[in-house]
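This is what each chain is made of:
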Amino acid sequence: MQFLWQQADAAQAEAQNRYPEMRCLTGCNDCCKHHGSPITHASEWQAIENWLTSRPELVDQVRQRHQALKQGLQAKLEALTTPTLNEALFALPCPFIADSPEGERCSIYSVRPLTCRAFGNTLLQPAVSREDLYTCAPEQDRWEQELPMAEVNLPLRTPLFEALANDRRRSLLSFLERYLHQSASDAEAAGHAL
Ligand code: SF4
Ligand code: SF4
């Protein structure tokens, strides 16, 4: 995974070098709070899980945030006039965005999924319209207003994902839920064995 993540980081650095006015540079994390849980590949999750397992304090914090998210999900479902689970899930923050002394930050930044690394700084296909930008709606509008789209020259998103084409994909939240459930069961079994 490290090689793929490094390629995505290099693409991001290249994009930021070309367009230093990119808003994602300023510490914005709105997409982590308002775009639901990012789609993650199984091999990426395995690397994230290994990283988490060596940090039990972080797992405890994530477990608490996950509980809060579940309560938030229930409130969102009740608030929607025609509730759908997908809509409510999309309105939730990513379970890994957390407070830190520097403000809200990604708590798994060094192992965050490829889609997070590519978001905001790649194109879905050579630029024709703002829809080709793989970024949030406000950034799409800003790019369109400030630069003729045909001249936008950002790295393409698709080649970064080619090596993962056959990998199983789920939302990061879904992988996390299975992991938290399994680690709670393991802890309970260990308690009974004592
Ligand atoms: S993609 Fe949009 S919301 Fe996400 S960091 Fe960049 S500017 Fe902020
Ligand atoms: S994993 Fe990190 S970067 Fe990706 S959406 Fe969650 S908080 Fe944001």
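What comes next concerns the included structure.

Before going further, it helps to spend a moment on helix α1 (residues 2-18). Along an α-helix, residues three or four positions apart point the same way, because every turn accommodates 3.6 residues. The end-to-end C-alpha distance of α1 is 24 Å, a good match for the 24 Å that 17 residues give at a rise of 1.5 Å each. Looking at α1, one finds that the buried residues are A8, A11, Q12 and A15. Across the axial projection of α1, the buried residues extend over an arc of 100 degrees, all falling on one side. In this structure, α1 carries Q2, F3, Q6, D9, A13 and N17 as exposed residues pointing more than 90 degrees from its buried face.

Before going further, it helps to spend a moment on the site of ligand 1. Near ligand 1, the surroundings consist of R23, C24, C28, N29, D30, C31, F119, G120, T135, C136 and E139. The class makeup of the residues in the shell around ligand 1 is five nonpolar, three polar and three charged.

A word on the site of ligand 2. The immediate surroundings of ligand 2 are formed by C32, P38, C94, F96, I97, C106, I108, R112 and C116. Partitioning the shell around ligand 2 into residue classes produces eight nonpolar, no polar and one charged.

A8, A11, A118, L123, Y134 and L160 are the most contacted members of the largest nonpolar core, which totals 15 residues. If you list the elements that add at least two residues to this core, you get α1, α6 (114-118) and β5 (133-134). Core analysis: the next-biggest nonpolar cluster, separate from the first, contains 12 residues, L52, F96, L172 and L176 among them.

About the criteria used
- Residues numbered from 1 in each chain as written.
- Chains lettered and ligands numbered in written order.
- Predicted model: local features only at pLDDT ≥ 70, side-chain atom pairs only at ≥ 80, totals over all residues.
- Helix = DSSP H or I, 4+ residues; strand = E, 2+ residues; numbered from the N terminus.
- Expected span 1.5 Å × (residues − 1).
- Buried ≥ 20, exposed ≤ 12 C-beta atoms within 10 Å, placed from the backbone.
- Arc of directions from axis to C-beta.
- Near = placed C-beta within 6 Å.
- Nonpolar A, V, L, I, M, F, W, Y, C, P; charged D, E, K, R; others polar.
- Core = buried A, V, L, I, M, F, W, Y, C linked by C-beta atoms within 7 Å.

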